[in-house]
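Now for the letters of each chain:
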Amino acid sequence: MIDQAIADLVQYALDTGLVEEADRVWAINGLLEDLGLSDWEEVPGRVRPLEEILGEILDWAVAQGRIEDGTTSRDLFDTKLMGRLTPRPAQVRAAFAERYARSPEEATDWYYQFSQNTDYIRRYRVARDQKWIAHTDYGDLEITINLSKPEKDPRAIAAARSAPQGGYPKCLLCRENEGYAGRMNHPARQNHRLIPVTIDGKDWFFQYSPYVYYNEHCIVFNGQHVPMKIDRSAFRKLLDFVKQFPHYFVGSNADLPIVGGSILSHDHFQGGRHVFAMEKAPVERAVSFPGFADVEAGIVRWPLSVIRLRCGDDNRLVDLAEKILTAWRGYTDEEAVIYAHTDGQPHNTITPIARMREGLYELDLVLRNNLTTPEYPLGLYHPHPELHHIKKENIGLIEVMGLAVLPARLKGELAELADALVQGADLRGSETLAKHADWAEELKTRYTFTAENVTDILQSEVGAVFAQVLEHAGVYKCTPEGRAAFQRFIDSVR
């Protein structure tokens, strides 16, 4: 059995171009070494799914006592095997550069496929994520239930930012992850390859996310392990990237806890080849800034507070974005419950997103504030407690643009809730469903649930909850009072 599995794995590597025919014997011997074998009976390789081949090898390794039968141990070992078959970094970079010289799209198409072929992006796990579209007043929001990462508490994310840095690699984004063997608390990366890029004159790197929340979900990160910071240089870097990859958008999480991303200790962006609902959202009101008559500007019709800037000159966008950021950092409007600082702690920052559209540079500036209050200790502009049964995590870049990344627990909880609603079961008596009871009881006043309609209704209503999540995260609400307060800030930018 193991001989056949080895032959099939090498055949897979040949078919996907990871190795060439001249590499066949070398590849087999490397796999034999990793499996602790000194003998092999040659058999023809068969074409079958990679997940099936690796699963067979892992089962054999468990039975032989070479690894423990746990997800982490299995992932460490099969990544090691795939690393044996993955070309060296210099080869990958040369192949990317050759294609980029012809077309940025050709280069990224190849690299995205390569990252899947090496099993760095585990296609079979991504395929298990649940996804649907929810129609809302703000457009079609995208909903995903993520089945590969645990839910994080906002306080834990904030604590991680201030924790002492150490270890090797220092974090999951560091360039030192390329080829790293991993450990029980750090994923293996022998099959991971990076593409160097120069932005704002600095060495950065380009890779894809192994979780792929949307098409060609990429990460662009600083070659140095330095904290995230939204400043003039951040705007410059974002626009430099879309200049080199005009078919991609790129954006940054904010640089403060609660409104920032999950990794604030390493400067990085996220991008990809995907059109989000926020990009489709229209400008509801044109605005202007003194000295920038050449820059189109407006307030976007979106639940978060977004200023959209457009211009053919990227330098002008950088200048205006810096002016808006500087004004926002120091802006307080007590009537609108916006405070720049309390007790010496800064609260105002920006989530920026850059793209090319219709031959112009476009920059969306999403105003963020991480103020906490006794009533809302996790954040005033954060999902409020009544929504935590669906979404409690930080609202980062991906959610800001209209894609909900919901925790894996919801897969089972929504299925159980669907059964309970159809059967008329007691929701509050269930430990799993009690958190959803208030929401579900309200739904029962509006719907008659059947086995045929319950899933569609719950998916639609989860989308409605996500729209509320975004509304809570907006510093200026989509009301006459909220828009008037928004305009007061616009008028303050001088």
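Counting from 1, residues in each chain are numbered in the order their sequence is written. Two thresholds apply to this predicted model, a pLDDT of at least 70 for residue-level local features and 80 or more for giving and counting side-chain atom pairs, whereas whole-chain, interface and lining totals are computed over all residues. To get the side-chain values, all heavy atoms of the structure are used, and hydrogens and water are removed first.

## Side note on the pairing of strand β4 (residues 202–208)
Then comes step 1: Counted residue by residue, β4 has five buried out of seven residues, so it is predominantly covered.
Then comes step 2: Bridge count for strand β3 (residues 195–199) against β4 is five bridges, and the pairing is antiparallel. Looking across to β4, one finds that Ile199 is bridged to Lys202.
Then comes step 3: Paired strands are those between which DSSP finds at least two bridges. The numbering of helices and of strands both runs from the N terminus, where a helix is a DSSP run of H or I of at least 4 residues and a strand a run of E of at least 2. Taking the residues that link successive antiparallel strands as the turn, the β3-β4 hairpin has two residues, and the phi of Asp200 there is positive, at about 50 degrees.
Then comes step 4: Where β4 and strand β5 (residues 218–222) come together, five bridges link them in antiparallel fashion. Its bridge partner lying in β5, Trp204 is registered against Asn222. Residue exposure (1.4 Å probe, protein chains only): buried if accessible area is under 20% of the type maximum, exposed if over 50%, otherwise partly exposed.

## Considering the environment of Gly201
Then comes step 1: In this fold, Gly201 is placed in the loop between β3 and β4.
Then comes step 2: In this structure the C-alpha to C-alpha distance between Gly201 and Leu417, which are 216 residues apart in sequence, comes to 53 Å.

## A look at the sheet that holds strand β1 (residues 130–136)
Pairing between the strands of a sheet comes from backbone hydrogen bonds, and it takes one of two forms, parallel or antiparallel.
Then comes step 1: With respect to topology, three strands assemble into an open sheet ordered β1-β2-β15, the strand pairing being mixed. Each edge of the sheet is formed by a strand with only one pairing partner; in this case those strands are β1 and β15 (403–406). The sheet shows a mean angle of 20 degrees between the axes of neighbouring strands, direction not considered.
Then comes step 2: Most of the contacts of helix α13 (residues 409–423) go to strand β2 (residues 139–145), to which it runs at about 105 degrees, and overall it touches β1, β2 and β15.
Then comes step 3: Should any heavy atoms of two residues lie within 4.5 Å, those residues are considered in contact. Fitting a line to C-alpha atoms yields each axis, with helices limited to the stretch in contact; the angle taken between N-to-C directions then spans 0 to 180 degrees. Against the sheet, helix α15 (residues 454–473) engages β1, β2 and β15, with an angle of about 105 degrees to β2.

## Remarks on the packing of helix α1 (residues 2–15) against helix α2 (residues 24–35)
Then comes step 1: Look at α1 against α2: their axes get within 10 Å of each other, and the N-to-C directions meet at 135 degrees. As far as their axial angle goes, α2 and α1 are oblique. Every pair of crossing elements has a handedness; the one defined by α1 and α2 is right-handed. Here Ile2, Ile6, Leu9, Val10, Gln11 and Leu14 of α1 come into contact with α2, specifically with Arg24, Ala27, Ile28, Leu31, Leu32 and Leu35. In these notes the angle categories are as follows: under 35 degrees is roughly parallel, over 145 is roughly antiparallel, 65 to 115 is roughly perpendicular, and the rest is oblique. Crossing handedness is defined as follows: a turn of the near helix away from the far one that is anticlockwise and smaller than a right angle gives a left-handed crossing, while the clockwise case is right-handed.

Purely geometric stuff here, so don't read any function into it on its own.
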